[in-house]
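Each chain, written out:
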Amino acid sequence: MSEINFDWLNKLPKVELHLHLEGSLEPQLMFALAKRNSVDLPYKSLEQVQEAYQFNNLQDFLNIYYQGAEVLLLEQDFYDLTWAYLSKCQQQNVLHVEPFFDPQTHTARGIDFSTVINGINRALVDGESKLGISSELILCFLRHLSEDDALITLQQAVPYLDKLKAVGLDSSEKGHPPEKFSRVFAKARELGLLTVAHAGEEGPAEYIWTALNDLQVSRVDHGVSATSDQALLAHLITTGMPLTICPLSNTKLKVFSDMSEHTVLEMLELGVCVTVNSDDPAYFGGYMTENFVALADSLAMTKAQAKQLVSNSIKSSFISLESKDKLQQILADYI
Ligand code: HPA
Ligand code: ZN
């Protein structure tokens, strides 16, 4: 560990910009919902879950992640899932969140779009009033499905635009480049939504370029493959384009063989607007605090670097300038 300990990082005011709500489904809640909804799970015990949660790549993880989501059926299930995540945020002093959800994972099983978004939204509203955690919600399209399927999903979202801030793109990256979704992202922008996309997690730097140029994203999710392209790195620096980095995710999915190999602090020192996030905390071994702790343990992150990472998240969030100023002040006051 560097000059920082767990308690300092846990109390550090934080903002999370890359979190899949379905990826925050802890085994305990998964078992409880399976029982409540009479859904069969392939696991009988926590030990069996832990055995299954060993991944060699993104696809290994996604197969398990989509299976876990099958316990979510009713509006209350989506509420409980979101509420459990927000409760964790409160414990870790995460003050603002911009979570993703994957409606197609649920509508493909016959669940109404309204069931999903109403449950999530009700918890986010309660999160603001009862826990003081502000939020903006991001709808992600599954990139292994067709653009036509994404267009149907966007159509389903139209009555709920007041509950959405942006659209994103997730799931299996390789072979599904951002430009496959140019039309649906253009439609989303016409509807007044901002755009983000997973790019350069397992895929090449080229996918980051097309996320920027074809999808006109405001943030790149992951983006770690940018380090292989000097022109891209220079472009990210001059434009201040944020990258939502997920350290524990990257090591669990073997994007980096060890945390000591992670490039997030090198990019930070180069002037890239990198941020730290948990991605799918129930599957990757930790929430926001644990991701920061991993950087302190393996990369000797300093307090100044940790605060710069949070400041980048505030700057990169989709809230008003006034709200950003308030959060920056809270962060500056923390020593
Ligand atoms: N990458 C792509 N799709 C995802 C991820 C991720 O890290 N987590 C949940 N869906
Ligand atoms: Zn992700």
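Reading guide: rules and limits
- Residues numbered from 1 in each chain as written.
- Chains lettered and ligands numbered in written order.
- Predicted model: local features only at pLDDT ≥ 70, side-chain atom pairs only at ≥ 80, totals over all residues.
- Heavy atoms only, no water.
- Core = buried A, V, L, I, M, F, W, Y, C linked by side-chain atoms within 4.5 Å.
- Buried < 20%, exposed > 50% of the residue type's maximum accessible area, 1.4 Å probe, protein only.
- Contact = heavy atoms within 4.5 Å.
- Salt bridge = Lys/Arg side-chain N within 4 Å of Asp/Glu carboxyl O.
- Helix = DSSP H or I, 4+ residues; strand = E, 2+ residues; numbered from the N terminus.
- Donors = N, O, S within 2.8 Å, 3.2 Å for Na, K, Ca; no water.
- Tetrahedral: all angles 85-135°; square planar, octahedral: opposite > 155°, others 65-115°.
- 1 Å grid on protein atoms, 1.4 Å probe; cavity = no way out; pocket = protein on both sides within 12 Å on 5 of 7 lines; lining within 4 Å.
- Points joined across faces, edges and corners; volume = space filled by probe spheres on them.
- Nonpolar A, V, L, I, M, F, W, Y, C, P; charged D, E, K, R; others polar.
- Near = heavy atom within 4 Å.
- Polar contact = N/O pair within 3.5 Å; in protein donor to acceptor, adjacent residues only side chain to side chain.
- Areas by Shrake-Rupley, 256 points an atom, 1.4 Å probe, with all protein chains shown as cover.
- Sits in = over half its atoms within 2 Å of the grid points.
- Pairing = 2+ DSSP bridges.
- Right-handed = clockwise from strand over helix to strand, strands pointing away.

A.B. asks: Help me get a handle on the nonpolar core, residues and values and all.
C.D. replies: With 108 residues, the main nonpolar core has L9, F101, F292, M301 and L309 as its most contacted residues. In this structure, F292 is in contact with L9, L12, K14, V276, M301, A306, L309 and V310, ignoring residues within four places of it in sequence. Among the nonpolar cores identified, the runner-up in size contains six residues, and F100, C140, A166 and V196 belong to it.

A.B. asks: Go over the pattern of salt bridges with me, naming the residues and quoting the values.
C.D. replies: Applying the stated criterion to the full structure yields nine salt bridges. Among the ionic pairs, D7 bridges to K11, the shortest N-O distance being 3.0 Å. Remark: K11 and D7 occur in helix α1 (residues 6–11); sequence separation between them is four residues, near one turn of the helix. Using a relative accessible area of 46% as the deciding quantity, one classes K11 as partly exposed. Note that D80 and R36 form a salt bridge whose closest N and O atoms lie 2.8 Å from each other. Note that D80 is positioned in helix α5 (residues 75–91) and R36 in helix α2 (residues 27–36), a separation of 44 residues in sequence.

A.B. asks: Residue-level account of the coordination of the zinc ion (ligand 2), with values.
C.D. replies: Around the zinc ion (ligand 2), the protein supplies H18 (NE2), H20 (NE2), H198 (NE2) and D279 (OD) as donor atoms, at distances of 2.0 to 2.2 Å. In this structure, the zinc ion (ligand 2) is surrounded by four donor atoms whose angles at the metal cover 83 to 175°, and the resulting shape is irregular. Here the donor residues of the zinc ion (ligand 2) are spaced in sequence according to H-x1-H-x177-H-x80-D. Within this pair, whereas H20 is found in the loop between β1 (14–16) and α2, its partner D279 is found in the loop between β10 (273–276) and α14 (281–284), the two being separated by 259 residues in sequence. The class of H20 is buried, set by a relative accessible area of 4%. Classification of D279 by relative accessible area gives buried; the value is 3%.

A.B. asks: If you had to explain the layout of surface pockets to someone new, which residues and values would you point to?
C.D. replies: A probe matching the size of a water molecule, rolled over the atoms, marks out where space remains unfilled. Space inside the largest pocket adds up to approximately 330 Å³. Around the largest pocket, the lining is made up of 19 residues, and of these Y53, K252, Y283, F284 and G285 lie nearest the centre. Of all the secondary-structure elements, those providing two or more residues to the lining of the largest pocket are α3 (46–52), α12 (247–252) and α14. The element contributing the most residues to the lining of the largest pocket is α14, with four residues. The residue makeup of the lining of the largest pocket, split by class, is 10 nonpolar, six polar and three charged. Volume-wise, the second largest pocket comes out at about 150 Å³. Every residue along the wall of the second largest pocket is listed here: L95, H96, E128, G132, S134, I319, S323, K326, L327 and I330. Counting only elements with at least two residues in the lining of the second largest pocket, the list comes to β2 (94–97) and α17 (321–332). Of the residues belonging to the lining of the second largest pocket, the class tally is four nonpolar, four polar and two charged.

A.B. asks: Account for the site of ligand 1, naming residues and giving values.
C.D. replies: The environment of ligand 1 is made up of H20, L58, F61, L62, Y65, D170, S171, H198, E201, H222, D279 and D280. Between ligand 1 and H222 there is a distance of 3.2 Å, counted from an oxygen atom to a side-chain nitrogen or oxygen. A total of 260 Å² of accessible area belongs to ligand 1 in isolation, and the protein chains cover 100% of it. Among the detected pockets, ligand 1 sits in the largest cavity. The element contributing the most residues to the shell around ligand 1 is helix α4 (residues 58–68), with four residues. A per-class count over the shell around ligand 1 returns four nonpolar, four polar and four charged.

A.B. asks: Quick rundown of the pairing of strand β5 (residues 138–142)? Include the residues and the values.
C.D. replies: Burial analysis of β5 places five of its five residues in the buried class, the great majority of the element. By the alternation rule, side chains of β5 split into I138, C140 and L142 and L139 and F141, which are all buried. Relative to β5, strand β3 (residues 100–101) runs parallel, the two being bridged by two bridges. The residue of β5 that forms the bridge with F100 is I138. Bridge count between β5 and strand β6 (residues 166–170): five bridges; the pairing is parallel. Pairing of L142 across the sheet is with D170, part of β6. Handedness of the crossover joining β5 and β6 through helix α8 (residues 147–157) is recorded here as right-handed.

A.B. asks: If you had to explain empty space enclosed by the protein to someone new, which residues and values would you point to?
C.D. replies: Applying the stated criterion to the full structure yields three cavities of 30 Å³ or more. Considered as a void within the structure, the largest cavity measures approximately 90 Å³ in volume. Forming the walls of the largest cavity are 15 residues, and the residues nearest its centre are H20, L58, F61, L62 and H198. It is α4 that contributes the most residues to the lining of the largest cavity, five residues altogether. For the lining of the largest cavity, the residue count by class is six nonpolar, four polar and five charged. Approximately 40 Å³ is the volume attributed to the second largest cavity. For the lining of the second largest cavity, the secondary-structure elements that each account for two or more residues are β1, α16 (303–316) and α17.

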